[in-house]
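Take a look at the letters that make up each chain.
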Amino acid sequence: MFFVDVLETESLGNRSYLAGGPDAAVVVDPPRDIDRVIAAAARRGVRIAVVAETHVHNDYVTGGLELARLTGARYLVPAGAEVAYARVAVADGDVEPVDAGLELRAVATPGHTPHHTSYVLEEAGRAVAAFTGGSLLIGTVGRPDLVEPRLTEELARAQHASAHRLADRLEDAVSVLPTHGFGSFCSSTAAGGEHSTIGAERAANPALVQDAETFVRELLAGLDDVPAYYAHMATVNSEGPAPLDLTEPRRADADEIARRLAAGEWVVDLRSRVAFAAGHVAGSLNFEADGQLATYLAWLIPWGRPVTLLAHSADDLARAQRELARVGIDRPAAAAVGSPADWVAEGERPASFRRATFAELAAARRDGAADMVVVDVRRAAERAHGWVRGSVHLPVHEIHRRLDEVPPGTVWVHCAGGMRAAVAASVLDAAGREVVAIDDGFAAAAGAGLPLVTPSDATAA
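Source: prediction; values computed, not measured.

1. What about helix H3 (residues 152-169)?
- The end-to-end C-alpha distance of H3, which contains 18 residues, comes to 26 Å, matching closely the 26 Å that a straight helix rising 1.5 Å per residue would cover.
- Elements in contact with the buried residues of H3: strand E8 (102-108), strand E9 (117-123), strand E10 (126-133), helix H4 (198-204), helix H5 (206-209) and helix H6 (212-221).

Now the structure itself:
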């Protein structure tokens, strides 16, 4: 009897899989921190015999090469992928044994990338699960615009054809097990649900219920922003990632933190946005350890810029270091644990800024507060559903490069829930602006009486 264990990386919206029988298993699309995979295999008491990549990943650094090296597993990578290391080049229809009665069959499913390959797990010759990577996701497909702009429409059409290829050859009961789609920016649209089957996707997935022209038109129209660090991931994965090093970073004192800030390096405070607003090292930036740290720090930071991490505890620091390594920020330049009292240079005081709600923003507007400016740091796709009248739109991942576009005055900054507003507020605060971080859900804006603009209003105007 086969098994499939899910290894979830929630912060990146991805899943890896350990699947096999009583003695041996395959790992599909492993994460960079392969100790999790090895531990899962040990709990099952199975040998990792095969490591399989569905594609060269654009959104995280793979652990596949190192996992195969450590375990002696055969490393399957699609034949069409240009990589600099030895691997088993997999072509459409190739079959790889996993355990007695269990085989993995490669199915070419281009679309997310030109070389994308799905893997169908077969037990006694019958398909039981499909590892679909960035091809057929739950309720959607992987985005086709991460490789080359000139290929985007061609790959969108390939996604439609690949989804049909899977649906045509697999029975309704076969499980659909994608890598992306659980909050990943590799998903072309928001994916819904935790579990699915070929039958469920056949009934509802746009790739399977729409004709090709409608599907491609709507897919291309709905694509969201691409995190900047994606531009580096495919190169790292193609060249072969270095083994992961999670040894503790060197500790920095207050004077070193000050020197690094003066040198233009990034000092990142991992504490909660509440704690950061109350007091922090002037010039430091706030990316919460419990937020989408890897996605947003890697999106904003100039690639290769040294980063020093400030954390409340050693555990928070270790978790952050692991998160960042998953997207190629391997070694912090330095780190410190404690509080602003430990990090602020002698003779200096912690900086701070206000936090507020949408109700407080509405009250300040009614009271005629002078020189107010509201900055919306949501992505364009989010703002398209409605925004606070008179607000300036500067997505959080662009604000550090567009500070000159922020009008003068006290900046009230908001997002959809508070986390990204805190990031943007810290960037503005570091630039010397007076800032108020709105730590509130955007749904509260209407209830607070703030005038909202909808797309239909904007069109009519």
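2. A word on the pairing of strand E21 (residues 435-438)
- Going residue by residue along E21, you find Val435 and Ala437 tucked away on one face and Val436 and Ile438 tucked away on the opposite face as well.
- Where strand E20 (residues 410-414) lies against E21, 3 bridges are found, and the strand directions are parallel. Looking at the pairing, Val413 lines up with Ala437 of E21.
- A crossover connection joins E20 to the parallel E21 through helix H15 (residues 419-430); in handedness this β-α-β unit is right-handed.

3. Side note on the pattern of salt bridges
- This model, assessed by the stated rule, comprises 37 salt bridges.
- Between Arg271 and Asp269 there is a salt bridge, and its shortest N-O distance comes to 2.8 Å. Summarising the burial analysis for this pair, Arg271 and Asp269 share the class buried.
- Via salt bridges that share partners, Asp33, Asp35, Arg36, Arg322, Glu323 and Arg326 belong to a single interconnected network.

4. Observations regarding the sheet that holds strand E11 (residues 175-178)
- Pairing is mixed in the open sheet, where 5 strands are placed in the order E7-E8-E9-E10-E11. Both edges of this open sheet fall to strand E7 (95-99) and E11, since each of them pairs with a single strand only. Direction aside, neighbouring strands of the sheet carry axes that sit 25 degrees apart on average.
- Two elements, E9 and E10, share 5 bridges in a ladder whose sense is antiparallel. Bridged to Val120 within E10 is Ala130.
- Against the sheet, H3 touches E8, E9 and E10, its axis set at about 145 degrees to E8.

5. Let's talk about the side chain of Arg32
- The topology assignment puts Arg32 in the loop between strand E3 (24-28) and helix H1 (35-44).
- In contact with Arg32, not counting residues within four places along its chain, are Val61, Thr62, Gly63, Pro241, Ala242, Pro243, Leu244, Ala325, Arg326, Gly328 and Asp330.

6. Concerning the side chain of Arg326
- For Arg326, the position within the fold is in the loop between helix H11 (314-325) and strand E15 (334-337).
- The class for Arg326 is buried, based on a relative accessible area of 9%.
- Side-chain polar atoms of Arg326 contact the side chain of Glu323, separated by 2.2 Å.
- When sequence neighbours within four positions are dropped, the list of residues in contact with Arg326 reads Thr9, Ser11, Leu12, Arg32, Asp33, Arg36, Tyr60 and Val61.

Rules behind the numbers
- Positions within a chain are numbered from 1, following the residues in the order the chain's sequence is written.
- This being a predicted model, a pLDDT of at least 70 is required before a residue's local features are given, and a value of 80 or more before pairs of side-chain atoms are given or counted; all residues contribute to the totals for chains, interfaces and linings.
- No hydrogens and no water enter the side-chain calculation; it runs on all heavy atoms of the structure.
- For helices the rule is a DSSP run of H or I covering at least 4 residues; for strands it is a run of E covering at least 2, with both sets numbered from the N terminus onward.
- Working rule for helices: expected span equals 1.5 Å times residues minus one.
- The contact criterion used throughout is that any non-hydrogen atoms of two residues lie within 4.5 Å.
- Accessible area is worked out with a 1.4 Å probe on protein chains only. A residue is then buried under 20% of its type maximum, exposed over 50%, and partly exposed in between.
- In this analysis, strands are considered paired if DSSP registers two or more bridges between them.
- Clockwise travel from the first strand over the helix to the second, with the strands pointing away from the viewer, marks a crossover as right-handed.
- Salt bridges are defined as contacts in which a side-chain nitrogen from Lys or Arg sits within 4 Å of a carboxyl oxygen from Asp or Glu.
- Each axis is a line fitted through C-alpha atoms, and for a helix only the stretch in contact is used; angles between axes span 0 to 180 degrees, taken between their N-to-C directions.
- Here a polar contact means two N or O atoms within 3.5 Å. Within protein one must be a hydrogen donor candidate and the other an acceptor candidate, and residues neighboring in sequence count only if both atoms are side-chain atoms.

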